[in-house]
2 protein chains.
Amino acid sequence: MISGNLNVEIVVAVIAVVFFFIGVYLNKRSLNKQMNSSTEINYKKIEELEISKREYEVLLAISDGLSNKEIANKLFVSESTIKTHVSNLLVKLNAKRRTHALQIAKDLQII
Amino acid sequence: MISGNLNVEIVVAVIAVVFFFIGVYLNKRSLNKQMNSSTEINYKKIEELEISKREYEVLLAISDGLSNKEIANKLFVSESTIKTHVSNLLVKLNAKRRTHALQIAKDLQII
DNA sequence: AGCACTTTAGTACTTTAGTATGAATAGATT
DNA sequence: AATCTATTCATACTAAAGTACTAAAGTGCT
């Protein structure tokens, strides 16, 4: 009788643990399908768009809300240089302005 | 003996279901804490910052990458009006410019 | 009606952003 | 060595964004 009760308890515990992790696993899967945000960055897309390393740094700085002058200071180059990078980014992303570039970049999951 | 086996099966099933949902629930909670993106919008924060309905519409339009003129057309008002809203938004969000406002708004989870 | 707040809009101005163009330099590749 | 690409920077623009006011009209509330 004692060994019988122990068996039941162990079985219950195992089932609880197993189904707990099944719940966690299935939930993670379903959530990943839903939200295509906060996912990983699509590096292939960055290459595909021929966005250079420096241009990408500028793009990230834009998404931090920095001005061209602030980006220039951060990267130790002139504001002219940043303007060039931004202009090239806008062309490559087919964006009209920096906020538009951010919207597109998020959509493409490159930031 | 028969009724005894049935009870065990029912108990096992109940435990399985219960722990399955506990797994789902706890997983959802832990994921929400990690990624503060793609989560729900913090409407209390919007009120707290005293951002009006119209100002919030403008904020969303900014995050869509629209220019002041485009926002004006979309909301059927003048560009002057949009400039007023944007200026007020920048003050309320303590932002230096619209891209900075977007960064802050995302951080506060109001967009 | 009176009050508070939001939304609207204007003028005049300064600051940022963005375009177009040309050019120099460094690094990697052929 | 010659070529290609990325990065840098400048000048001279035009366009967009943002500030600082002022003010009128609409909305909701008491």
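Here's what I pulled together on the structure shown here.

Thresholds, definitions, all that
Each chain carries its own residue numbering, running from 1 in the direction its sequence is written. Note on labels: chains are lettered from A, ligands numbered from 1, in written order. With the structure being a predicted model, the display of local features is reserved for residues of pLDDT at least 70 and the display and counting of side-chain atom pairs for 80 or more, all residues being used for whole-chain, interface and lining totals. Working from all heavy atoms in the structure, the side-chain values ignore hydrogens and water. Throughout, near means a residue has at least one heavy atom within 4 Å of the molecule or strand. As used in this structure description, the phrase polar contact means that two N or O atoms lie within 3.5 Å; if the pair is within protein, one of them must be able to donate a hydrogen and the other to accept it, and residues adjacent in sequence are counted only when both atoms belong to side chains. For the purposes of this entry, the term helix denotes a DSSP run of H or I that reaches at least four residues, the term strand denotes a run of E that reaches at least two, and both are numbered from the N terminus. As a rule, the C-alpha atoms of each element are fitted with a line to give its axis, helices using only the stretch in contact, and angles between N-to-C directions run from 0 to 180 degrees. Any angle that is under 35 degrees is reported as roughly parallel, and any over 145 degrees as roughly antiparallel; angles of 65 to 115 degrees are reported as roughly perpendicular and all others as oblique. Whether two residues are in contact is decided by their heavy atoms, any of which lying within 4.5 Å being enough. The classification used treats Ala, Val, Leu, Ile, Met, Phe, Trp, Tyr, Cys and Pro as nonpolar, Asp, Glu, Lys and Arg as charged, and all other residues, Gly among them, as polar. Once two parts are brought into contact, the accessible area they lose, counted with a 1.4 Å probe and summed over both, makes up the buried area. By salt bridge we mean one thing: a side-chain nitrogen of Lys or Arg within 4 Å of a carboxyl oxygen of Asp or Glu. Burial classification: accessible surface area is computed with a 1.4 Å probe over protein chains only, and a residue below 20% of its type maximum counts as buried, one above 50% as exposed, and the rest as partly exposed. Charge convention: Lys and Arg are scored as positive, Asp and Glu as negative, and His as well as the terminal groups of each chain are ignored.

**Digging into the protein's contact with DNA strand D**
By nearness alone, 18 residues border DNA strand D, and S52 and S78 of chain A together with K83, S87 and R98 of chain B come closest of all. The sugar and phosphate moieties of DNA strand D supply 66% of its atoms located within 4 Å of the protein. In the model, a phosphate oxygen of DNA strand D is placed 3.0 Å from a nitrogen or oxygen of the N68 of chain B main chain. Here a phosphate oxygen of DNA strand D sits 2.8 Å away from a polar atom, N or O, in the side chain of S87 of chain B. At the level of elements, helix 3 (53–63) and helix 5 (79–93) of chain A together with helix 5 (79–93) of chain B are the ones that each hand at least two residues to the surface near DNA strand D.

**Digging into the environment of T84 of chain A**
Within the fold, T84 of chain A resides in helix 5. C-alpha separation for the pair T84 of chain A and E55 of chain A, spaced 29 residues apart in sequence, amounts to 9.3 Å.

**As for the packing of helix 3 of chain A against helix 5 of chain A**
For any two helices packed against each other, the geometry comes down to the angle between their axes and how far apart the axes lie. Residues and elements named next belong to chain A. Their axes nearest at 9 Å, the elements helix 3 and helix 5 cross at an angle of 90°. Relative to helix 5, the element helix 3 is oriented roughly perpendicular. Contacts between helix 3 and helix 5 pair R54, E55, V58, L59 and I62 from the former with I82, H85, V86, N88, L89, K92 and L93 from the latter. Considering only residue class, the contact of helix 3 with helix 5 consists of seven nonpolar, two polar and three charged.

**Comments concerning the interface of chain B and chain A**
If you look at the interface, chain B gives 30 residues, while chain A gives 30 residues. Taken over both partners, the interface formed by chain B and chain A buries close to 2,400 Å², and the fraction arising from carbon and sulfur atoms is 65%. Linking chain B to chain A there are four salt bridges. For K96 of chain A, the salt bridge identified is with E70 of chain B, shortest N-O distance 3.2 Å. Only helix 1 (2–34), helix 3 (53–63) and helix 6 (98–107) of chain B provide two or more residues apiece to the side of chain B that touches chain A. In terms of residue count, helix 1 of chain B provides more of the side of chain B that touches chain A than any other element does, twelve residues in total. Considering only residue class, the side of chain B that touches chain A consists of 13 nonpolar, ten polar and seven charged.

**A look at the protein's contact with DNA strand C**
Neighbouring residues of DNA strand C: 18 residues in total, closest K83, S87 and R98 of chain A together with S52 and S78 of chain B. Among all atoms of DNA strand C positioned within 4 Å of the protein, those belonging to sugar or phosphate total 67%. K83 of chain A has a polar side-chain atom sitting 2.7 Å from a base oxygen of DNA strand C. At 2.9 Å from a phosphate oxygen of DNA strand C is found a side-chain nitrogen or oxygen belonging to H85 of chain B. Looking at the surface near DNA strand C, the elements with two or more residues in it are helix 5 of chain A together with helix 3 and helix 5 of chain B. Considering only residue class, the surface near DNA strand C consists of three nonpolar, nine polar and six charged.

**Some thoughts on the pattern of salt bridges**
This structure, assessed with the given rule, holds ten salt bridges over all chains. Residues E57 of chain A and R54 of chain A are paired through a salt bridge, measuring 2.9 Å at the closest nitrogen-oxygen approach. Of this pair, E57 of chain A and R54 of chain A both sit in helix 3, three residues apart, which is roughly one turn of the helix. Among the residues examined, E57 of chain A registers a relative accessible area of 33% and is labelled partly exposed. Each member of the salt-bridge network shares a partner with another, and the members are E70 of chain A together with K96 and R97 of chain B.

**Concerning helix 6 (residues 98–107) of chain A**
The α-helix winds at 3.6 residues per turn, so residues separated by three or four positions along the chain end up facing the same way. Taken across its ten residues, helix 6 of chain A has seven buried, putting it largely inside the fold. Among the residues making up helix 6 of chain A, those that are buried are R98, T99, H100, A101, L102, I104 and A105 of chain A. Along its buried surface, helix 6 of chain A packs onto helix 3, helix 4 (68–75) and helix 5 of chain A together with helix 3 and helix 6 of chain B. Q109 of chain A sits one or two positions beyond helix 6 of chain A and adopts a positive phi of about 60°.

**Digging into the side chain of R98 of chain A**
You can see R98 of chain A is positioned in helix 6. Of the side chains with opposite charge, E70 of chain A lies nearest to the buried R98 of chain A, which makes no salt bridge, at 7.6 Å. Not counting residues within four places of it along the chain, the set of residues in contact with R98 of chain A comprises I62, L66, S67, N68, I71, V86 and L90 of chain A together with T99 of chain B.

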